Amino acid sequence: MTKRIFRSICLVAFTVFLATVALIMSVLYQYFSNIEQAQLKMQTTLAAQGVTNEGIAYFRDLDLTNYRISWIDTTGNVIFDSTSDTEEMGNHWEREEVQEAMSSGYGESIRYSATLMERSLYCAQKLKDGTILRLSISQNTIFTLLLGMMQPLGIVFLIAFILSIIPAIQISKKIVQPLNKMEKENAEQMRREFTANVSHELKTPLHSISGYAELLKNDLVRDCDKIPFAGKIYDEAQRMIRLVEDIISLSRLDEGGNDMQREDTDLYELAKKAVGSLETQAETAGISITCSGESAVLDGIPRLLYSIVYNLCDNAIKYNQENGSVNVTVKRTGNDILLTVKDTGIGIAPEHQERIFERFYRVDKSHSKAVGGTGLGLSIVKHAAKIHHAKVEIESAVGKGTTVTVVLPTKG
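Residues numbered from 1 in each chain as written. Predicted model: local features only at pLDDT ≥ 70, side-chain atom pairs only at ≥ 80, totals over all residues. Heavy atoms only, no water.

## Describing the overall build of the chain
Part 1: Secondary structure assignment for the chain yields eleven helices and twelve strands.
Part 2: The proportion of buried residues among the 412 residues of the chain is 39%.
Part 3: Residue pairs in contact within the chain that sit at least 24 positions apart in sequence constitute 65% of those at least 6 positions apart.
Part 4: Approximately 23,600 Å² of the chain is accessible, and the part contributed by carbon and sulfur atoms is 54%. (Helix = DSSP H or I, 4+ residues; strand = E, 2+ residues; numbered from the N terminus. Buried < 20%, exposed > 50% of the residue type's maximum accessible area, 1.4 Å probe, protein only. Contact = heavy atoms within 4.5 Å. Areas by Shrake-Rupley, 256 points an atom, 1.4 Å probe, with all protein chains shown as cover.)

As structure tokens, this is what we get:
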């Protein structure tokens, strides 16, 4: 048992390490890309002023080491380019950033190279005479940066792994000792299921990302398929990020949410906000979603109350039927506030209704896989409701929809 827990801890630690690296790299890459795009825009504005004042003479003594500058006339022909012969360059009228600049005065775009190892940022600004000044800069893609950091990342992982062995052994022993004293097998089964589910849910998108990336790395993908492949890698990464975020949220909820700020919150306004954020998803699924009720203020944690509404509505949309509906209502009754989410979905059989709030529990695994999700949404609802001393009630029948009512006391 100790060895199994030790291996599981190492596996989860390794998976979370990879997920953390991917998340940090993605966030930092996007952050610095935004900064670089803003700098490019500023340089474009300054260059536009220089060209307006001096004409083509502006480029004569200009340091063009870091940027590529193109000057395009009103018909799309290139008047000046800092890196290429204008006679050999094609017409630029159909370029995205040029079209946008022509219509609104300023435009920008991002284009990837054929190998997906480099991308170019473009900014274009329309001058007073109707011509377009365009600046561009090249930068490595996130895949190139990851490849370049494989060695230092490997060293960091090796050090972390070595330093984690002793704590992992100690933790595994501490987990095993109390478990050996427990008489209830269901608690042990739930622990095993959670560990297996976390590992599986994290491992699946990582395998997909690795597979797609390997094909791209070995140049085994047609040019027309590279953008869809990148999209699949992005979707799997987002799926992994959502799972990690949900696990982190549940960990914080397990601690009681004591570090979260309480304040007077209008649940009706939060419900309208949550419904609004899901309207596009509902429309895509062919589901109508509405919110009605009255102002209902209670002392609570806004982000947790929002997560209750959001996750209940998200489930109601995913497990609905064609041309179905989701109705959310908020009303006051005595000293309580009732949040009701009613759908016309597939319903839940009685034997499953007590277990749907368990982590990773899925009534229909095949359907759950098709609609996506982390399997933690209702667990978050359960814990968030518990922190607010609320009760969650379910009325459901197979094929006849589900009604979930959350009873929140306004005091205590």
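## Describing the packing of helix 7 (residues 267-284) against helix 8 (residues 302-318)
A pair of packed helices can be characterised by two numbers: the angle between their axes and the separation between those axes.
Part 1: Contact geometry for helix 7 and helix 8: axes closest at 9 Å, N-to-C directions at 35 degrees. Pair helix 7 / helix 8 crosses with right-handed handedness. Mapping the contact onto sequence places Leu 267, Leu 270, Ala 271, Lys 273, Ala 274, Val 275, Ser 277, Leu 278, Gln 281 and Ala 282 in helix 7 and Pro 302, Leu 305, Tyr 306, Val 309, Tyr 310, Cys 313, Asp 314, Ile 317 and Lys 318 in helix 8.
Part 2: Looking at the contact of helix 7 with helix 8 residue by residue, the classes come out as 14 nonpolar, two polar and three charged. (Axes fitted to C-alpha atoms, helices over the stretch in contact; angles between N-to-C directions. Left-handed = near helix turned anticlockwise from the far one by under 90°. Nonpolar A, V, L, I, M, F, W, Y, C, P; charged D, E, K, R; others polar.)

## Quick look at a nonpolar patch on the surface
Part 1: Together, Ile 24, Leu 28, Tyr 31 and Phe 32 make up a nonpolar patch on the protein surface, roughly 410 Å² of accessible area in all.
Part 2: Assessed through its relative accessible area of 47%, Tyr 31 is described here as partly exposed. (Patch = residues over 30% accessible without salt bridge, like charges linked within 9 Å, V, L, I, M, F, W, Y side chains within 5 Å. Salt bridge = Lys/Arg side-chain N within 4 Å of Asp/Glu carboxyl O.)

## So, the sheet that holds strand 12 (residues 402-409)
Part 1: If you walk across this open sheet you meet the five strands as 7-9-10-12-11, and the pairing is mixed. At either margin of the open sheet sits one strand with a lone partner, and together these are strand 7 (288-293) and strand 11 (391-396). Between one strand axis and the next, the sheet turns by 15 degrees as a mean value, whatever way the strands run.
Part 2: With eight bridges joining them, strand 9 (residues 325-333) and strand 10 (residues 336-343) adopt antiparallel strand pairing. For Thr 329, the partnering residue across the bridge sits in strand 10 and is Thr 340. (Pairing = 2+ DSSP bridges.)

## Observations regarding the pattern of salt bridges
Part 1: Enumeration according to the criterion identifies eight salt bridges in this entry.
Part 2: Residue Asp 81 is joined to Arg 68 by a salt bridge in which the shortest nitrogen-to-oxygen separation is 3.1 Å. Of this pair, Asp 81 sits in strand 2 (residues 78-81) while Arg 68 sits in strand 1 (residues 68-72); the two residues are 13 residues apart in sequence, bridging distant segments of the chain.
Part 3: The shortest N-O distance in the salt bridge between Arg 111 and Glu 97 comes to 3.0 Å.

## So, the side chain of His 388
Part 1: The topology assignment puts His 388 in the loop between helix 11 (377-387) and strand 11.
Part 2: Residue classification places His 388 among the buried positions, given a relative accessible area of 4%.
Part 3: Aside from chain neighbours lying at most four places away, what touches His 388 is Arg 262, Asp 299, Gly 300, Ile 301, Leu 304, Leu 305, Leu 408 and Pro 409.

## Regarding the packing of helix 8 against helix 11
Part 1: Where helix 8 meets helix 11, the axes come as close as 9 Å, and the angle between the chain directions of the two elements is 145 degrees. As helix 8 runs across helix 11, the sense of the crossing is left-handed. Contacts between helix 8 and helix 11 involve Leu 304, Ser 307, Ile 308, Asn 311, Leu 312 and Asn 315 on the former and, on the latter, Gly 377, Leu 378, Ile 380, Val 381, Ala 384, Ala 385 and Ile 387.
Part 2: Across the contact of helix 8 with helix 11, the residue classes break down as nine nonpolar, four polar and no charged.

These values are about where atoms sit, not about what they do.
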